[in-house]
Amino acid sequence: MKTLFLLRHAKSSWDNPMARDFDRPLAGRGRRSALAMAEFLAREDLHPDMVLCSAACRARETLDHIQTAWNWAGNVCVEHDLYGMDAPGLITRLQRLPESLESVMVIGHNPTMEATAHTLVGNGPDKDMADMRAKFPTAALAMIKFDIPDMPWTELAPETGTLIRFVKPRDL
C-alpha cells in the first residue's frame, strides 16, 4: 500500500516587491504554520520514505521546519522542475518513483497540490473531502492512501486514492 502526502508550502512573504516569485521566503505567519504542521507530523509519527520538494525558497523553508521538528535527515530530493509543474506533470513524476518507496511527501505549490489531490482522490471522509474541495490553503496537507496491494507508483491514476485526512494549520 502506498501513501502520498501533498503539502502546500506555507504562506510566503510579499515584503520585497522586487523579489522574484521563486525567491520569496516565508512570512511570519508562514513560519508559524510550517512549525505547527511540522509538530503535527512529528506528533503523528508521519515520516515518509522520501520528500520531493520544490526548489523555491518558501518550499525549502517549509521543508526546513519539518526536518527540524522530525529531527530527520532522510531521503530528500529538491527539484527545480516542481516549481512550475502542473498536476499531470506531478503525477507523471510520481509514477517514476522507485517501487521500494512506500510513502512520499511532495512539498509544492498551488494550483498543483490542489489539482493533484482532486485528481487522485476518489473517496474519503465527507468533512475532509468537502474541506479539501473548498480550499487548499497554504501549509495544508492531504494524506492519500492507495489501497491496491503491492501497487507500483506507475499505476497512480485518477480517483485511485483514498483521502485519509486533510489537515489545515488553523485546525492544529
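Above: the structure in question.
Quick caveat: nothing in here was measured; it's all calculated off a predicted structure.

Of the regular secondary structure elements, the protein chain holds five helices and seven strands. What you see in the protein chain, going N to C, is helices and strands ordered as β-α-β-α-β-α-β-α-β-α-β-β. For the protein chain, the C-alpha radius of gyration of 15 Å lies close to 16 Å, the compact-globule estimate for 172 residues. Principal axes of the C-alpha set define a box for the protein chain whose edges measure 45 × 30 × 30 Å. A total of 172 residues make up the protein chain; the buried ones form 51% of that total. Long-range contacts, defined as pairs at least 24 residues apart, comprise 78% of the intrachain contacts of the protein chain with a sequence gap of at least 6. Surface accessibility of the protein chain: about 8,100 Å² in total, with carbon and sulfur atoms responsible for 51%.

This part covers helix α2 (residues 57–70). A rise of 1.5 Å per residue sets the reference length of α2, with its 14 residues, at 20 Å; its end C-alpha atoms lie 20 Å apart and thus fit the reference within 8%. Among the residues of α2, Cys57, Arg58, Ala59, Thr62, Leu63, Ile66, Gln67 and Trp70 are the ones counted as buried. Buried residues in α2 make contact with β1 (2–8), α1 (28–43), β2 (50–54), β3 (75–79) and β4 (103–108). Phi turns positive one or two residues past the end of α2, at Asn71, with a value near 55°.

To continue, consider a positive patch on the surface. A cluster of like positive charges, contributed by Arg29, Arg31, Arg32, Lys135 and Arg170, occupies part of the molecular surface. Counting through the fold element by element, Arg32 comes out in helix α1. Its relative accessible area of 57% is what places Arg32 among the exposed residues.

Here we come to the pattern of salt bridges. For the structure on display, the rule yields nine salt bridges. Linking Asp131 and Lys168 is a salt bridge whose minimum nitrogen-to-oxygen distance equals 3.1 Å. Taken as a pair, Asp131 in helix α5 (residues 126–134) and Lys168 in the segment after β7 (161–167) lie far apart in primary sequence, 37 residues in all. Note that Lys168 is salt-bridged to Asp171, the shortest N-O span being 3.5 Å. Residues participating in the shared-partner salt-bridge network are Lys127, Asp131, Lys168 and Asp171.

All told, the structure shown has zero disulfides when counted by the stated rule. This cysteine, Cys53, is not joined by any disulfide, and Cys57 carries the nearest cysteine sulfur, 10 Å off. Of all cysteine sulfurs in the structure, the one in Cys53 sits closest to Cys77, which takes part in no disulfide; the separation is 10 Å.

Looking now at the side chain of Thr62. The residue Thr62 is located in helix α2 in this model. If sequence neighbours within four positions are ignored, Thr62 has contacts with Leu7, His9, Ala10, Leu26, Ala34 and Ile107.

Looking at where Val76 falls in the secondary structure, it is placed in strand β3. What makes Val76 partly exposed here is its relative accessible area of 26%. Aside from chain neighbours lying at most four places away, what touches Val76 is Val51, Leu63 and Gln67.

In space, the seven strands of this open sheet follow the order β3-β2-β4-β1-β6-β7-β5, with mixed pairing throughout. The sheet is open, and its two borders are formed by β3 and β5 (121–123), each paired with just one other strand. Neighbour-to-neighbour, the strand axes of the sheet open up by a mean angle of 30°, direction not taken into account. In terms of strand pairing, β2 meets β3 through five bridges, oriented parallel. Paired with Leu52 across the bridge in β3 is Cys77. On top of the sheet, α1 reaches β1, β4, β6 (141–146) and β7; it is set at about 35° to β6, its chief contact. This element, helix α3 (residues 87–95), spans β1, β2, β3 and β4 of the sheet and lies at about 150° to β4.

About the cut-offs
- Residues numbered from 1 in each chain as written.
- Predicted model: local features only at pLDDT ≥ 70, side-chain atom pairs only at ≥ 80, totals over all residues.
- Heavy atoms only, no water.
- Helix = DSSP H or I, 4+ residues; strand = E, 2+ residues; numbered from the N terminus.
- Rg over C-alpha atoms; globule rule 2.2 N^0.38 Å.
- Buried < 20%, exposed > 50% of the residue type's maximum accessible area, 1.4 Å probe, protein only.
- Contact = heavy atoms within 4.5 Å.
- Areas by Shrake-Rupley, 256 points an atom, 1.4 Å probe, with all protein chains shown as cover.
- Expected span 1.5 Å × (residues − 1).
- Patch = residues over 30% accessible without salt bridge, like charges linked within 9 Å, V, L, I, M, F, W, Y side chains within 5 Å.
- Salt bridge = Lys/Arg side-chain N within 4 Å of Asp/Glu carboxyl O.
- Lys, Arg positive; Asp, Glu negative; His and termini not counted.
- Charge placed at Lys NZ, Arg CZ, Asp CG, Glu CD.
- Disulfide = S-S within 2.5 Å.
- Pairing = 2+ DSSP bridges.
- Axes fitted to C-alpha atoms, helices over the stretch in contact; angles between N-to-C directions.

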